[in-house]
Amino acid sequence: DMLFFRLKFIFGPSAVPALDLVDQRSVTRVTSPSGRTAYQVLGSSGKLYTCYSSCHFCTCPAFGFTVLQKNESLLCKHILAVYLSQAMGACQELTVSEEQLTSTLLAEEEDEG
């Protein structure tokens, strides 16, 4: 219980939804043979978001607005879910080819544009 309250104190409203995503096993670590890694998180809305823990970035609208534009939060629930899943060893694992990872990342970029 104390750990939960600490998470909620530090990360505010992102803590509970992030823990829900971890419980639902919504975080997948996508790795290519070269070692490139990205995380995909199936959001509560059913949309798939790509997260990069190495540079602390998520493709969801909340990250862009709340974290980058308004500077109101340190992270979104998807990034927090990635960090919690890593710490708990709860990530799904998916190995893809270099081409598949590139296609995934480019498709995400096109969705943004």
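Rules behind the numbers
- Residues numbered from 1 in each chain as written.
- Predicted model: local features only at pLDDT ≥ 70, side-chain atom pairs only at ≥ 80, totals over all residues.
- Heavy atoms only, no water.
- Phe/Tyr/Trp six-rings, centres within 6.5 Å; stacked < 30°, edge-to-face > 60°.
- Buried < 20%, exposed > 50% of the residue type's maximum accessible area, 1.4 Å probe, protein only.
- Pairing = 2+ DSSP bridges.
- Helix = DSSP H or I, 4+ residues; strand = E, 2+ residues; numbered from the N terminus.
- Contact = heavy atoms within 4.5 Å.
- Axes fitted to C-alpha atoms, helices over the stretch in contact; angles between N-to-C directions.
- Arc of directions from axis to C-beta.

- Looking up the protein chain in an unreviewed UniProt entry gives the name ZSWM7 protein, with the organism given as Stercorarius parasiticus.

## A word on the packing of aromatic side chains
Part 1 of the argument: Counting across every chain of the model gives three aromatic pairs.
Part 2 of the argument: Ring centres 5.6 Å apart and planes at 65 degrees place the aromatic pair phenylalanine 4 and phenylalanine 5 in the edge-to-face group.
Part 3 of the argument: Both rings, one in phenylalanine 57 and one in phenylalanine 63, keep their centres 5.2 Å apart while their planes meet at 80 degrees; by these two values the pair is edge-to-face.
Part 4 of the argument: Judged by relative accessible area, phenylalanine 63 falls into the buried class, the value being 1%.
Part 5 of the argument: Ring pairs connect the aromatic residues Tyr52, Phe57 and Phe63, which therefore count as one cluster.

## Overview of the sheet that holds strand 2 (residues 37–42)
Part 1 of the argument: Taking strand neighbours across the sheet as the criterion, the five strands line up as 4-3-2-1-5 in an open arrangement whose pairing is mixed. Each edge of the open sheet is held by one strand with a lone partner, namely strand 4 (57–58) and strand 5 (92–95).
Part 2 of the argument: In the sheet, strand 1 (residues 27–31) pairs with strand 5 via four bridges, with the strands oriented parallel. Looking at the pairing, arginine 29 lines up with glutamate 93 of strand 5.
Part 3 of the argument: Where helix 4 (residues 77–88) meets the sheet, it contacts strand 1, strand 2, strand 3 (48–52) and strand 4, and its direction lies at approximately 65 degrees from that of strand 3.

## Things to note about the pairing of strand 3
Part 1 of the argument: Alignment of strand 2 against strand 3, held across four bridges, turns out to be antiparallel. Bridge pairing in strand 3 places leucine 42 opposite leucine 48.
Part 2 of the argument: Counted between consecutive antiparallel strands, the loop separating strand 2 from strand 3 contains five residues, among which glycine 46 sits at a positive phi close to 95 degrees.
Part 3 of the argument: A loop of four residues connects strand 3 with strand 4, the two strands running antiparallel in sequence, and histidine 56 in this loop sits at a positive phi of about 55 degrees.

## Topic: helix 2 (residues 15–23)
Part 1 of the argument: For helix 2, the complete set of buried residues consists of Ala15, Ala18, Leu19, Leu21 and Val22. Burial along helix 2 is one-sided: seen end-on, the buried residues are contained in an arc of 155 degrees.
Part 2 of the argument: Where helix 2 is buried, its residues meet helix 1 (2–11), strand 2 and helix 4.

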